Amino acid sequence: MRVLSAETHRGRPVSSGHRFSLMSPSELRAILDQALRAEMPHVERLAIAAAVVSELLRRHGMVATLVGGGAIELYAPGVYTTSDIDLVVEGGTRTDLDAVLVTFGFERRGRHWVLGDLFVEVPGNWMSDPVDVVSVGSLSLRVVRQEVVLADRIIGFKHWRSTAYGAQALALLQVLGTSLDDQLLCARLRAEDAEDAYDALRRLADSGTTVGESELEAVLRRLHEQGGIDDRPDTR
């Protein structure tokens, strides 16, 4: 059963006026443990885990937004699978995060908080990008907009010369299709000088042909020859 239904709240925190707000931390932990053990599609397990962690942080005055590979998996299951949950968390310090997550049962390992095979990372503390809010059962989960996720993959493909990012961008284009907000997507790409890479990848996605690493490398060579690559350092 599909657990995701999207409702757009651009950049606006959402209150959780649902029955899970009445649950104790131990009951939330039981929901998470059950999801991690259950036989269900990976994307559902990821969504429940991210939603539970987000709800836990919300109760302590923090607002979490799912970004990175987890956002890719939510928007396009099968394109990318990850056990990492990357959250931008506003309203709290690293010390606050550590106290909440460790008390809940996570173990701090370097930049991650770990529970079984679940890894939570917090790469930032300010969310300026537009977000969607998706329903995960009775919980809410903020997720960076799909256009932002796609644009970041296209930008990484072009400027970091990452064919892996190019392959993910192609798959996202094929899955998301006409649901994309072209105005939002192109504005972000234009700001990063990556519209030409988008045009090239869109042509490949629309061609219906199988695209491998050699084809993506050929696209990068053409972009380079046209002077469209500035060799930015890889900041992943």
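*Asks:* For the packing of aromatic side chains, give the residues involved together with the corresponding values.
*Replies:* Summed over all chains, the structure comprises two aromatic pairs. Geometrically, the ring pair formed by Phe104 and Phe106 is stacked, given 6.3 Å between the ring centres and 20° between the ring planes. The same class applies to Phe104 and to Phe106, which are both buried. A ring pair is formed by Trp160 and Tyr165, whose centres lie 5.8 Å apart and whose planes are at 55°; its orientation type is tilted.

*Asks:* Report on the confidence of the model for the chain, specifying residues and quantitative values.
*Replies:* Of all residues in the chain, 87% attain a pLDDT of 70 or more, and the chain-wide mean is 88. Here residues 1-20 scores under 50 on pLDDT; set against residues more than four positions off or in separate chains, the count is 51 contacts.

*Asks:* Which residues make up the side chain of Arg202, and what values go with them?
*Replies:* With respect to the secondary-structure elements, Arg202 resides in helix α8 (residues 195-207). With a relative accessible area of 19%, Arg202 lands in the buried category. Contact partners of Arg202, with chain neighbours within four places excluded, come to Leu173, Gly177 and Leu180.

*Asks:* Account for the pairing of strand β8 (residues 139-144), with residues named and values stated.
*Replies:* β8 sits mainly inside the fold: five of its six residues count as buried. Here two bridges tie strand β2 (residues 63-67) to β8, and the two strands are oriented parallel to one another. Bridge pairing in β8 places Thr65 opposite Arg142. Pairing of strand β7 (residues 131-136) with β8 involves six bridges; the strand directions are antiparallel. Of the residues in β8, the one forming a bridge with Val131 is Val144.

*Asks:* Any chance you could break down unusual backbone geometry for me, citing the residues and the numbers?
*Replies:* The phi torsion at Arg161 lies on the positive side, around 55°, for a residue other than glycine. Structurally, Arg161 can be placed in the loop between α5 (146-159) and α6 (163-176). For Asp193, which is not glycine, the phi dihedral falls at a positive 55°. Looking at the secondary structure, you find Asp193 in the loop between α7 (182-191) and α8. The exposure class of Asp193 is partly exposed, given its relative accessible area of 44%.

The rules behind each value
Residues numbered from 1 in each chain as written. Predicted model: local features only at pLDDT ≥ 70, side-chain atom pairs only at ≥ 80, totals over all residues. Heavy atoms only, no water. Phe/Tyr/Trp six-rings, centres within 6.5 Å; stacked < 30°, edge-to-face > 60°. Buried < 20%, exposed > 50% of the residue type's maximum accessible area, 1.4 Å probe, protein only. pLDDT = per-residue confidence, 0-100. Contact = heavy atoms within 4.5 Å. Helix = DSSP H or I, 4+ residues; strand = E, 2+ residues; numbered from the N terminus. Pairing = 2+ DSSP bridges.

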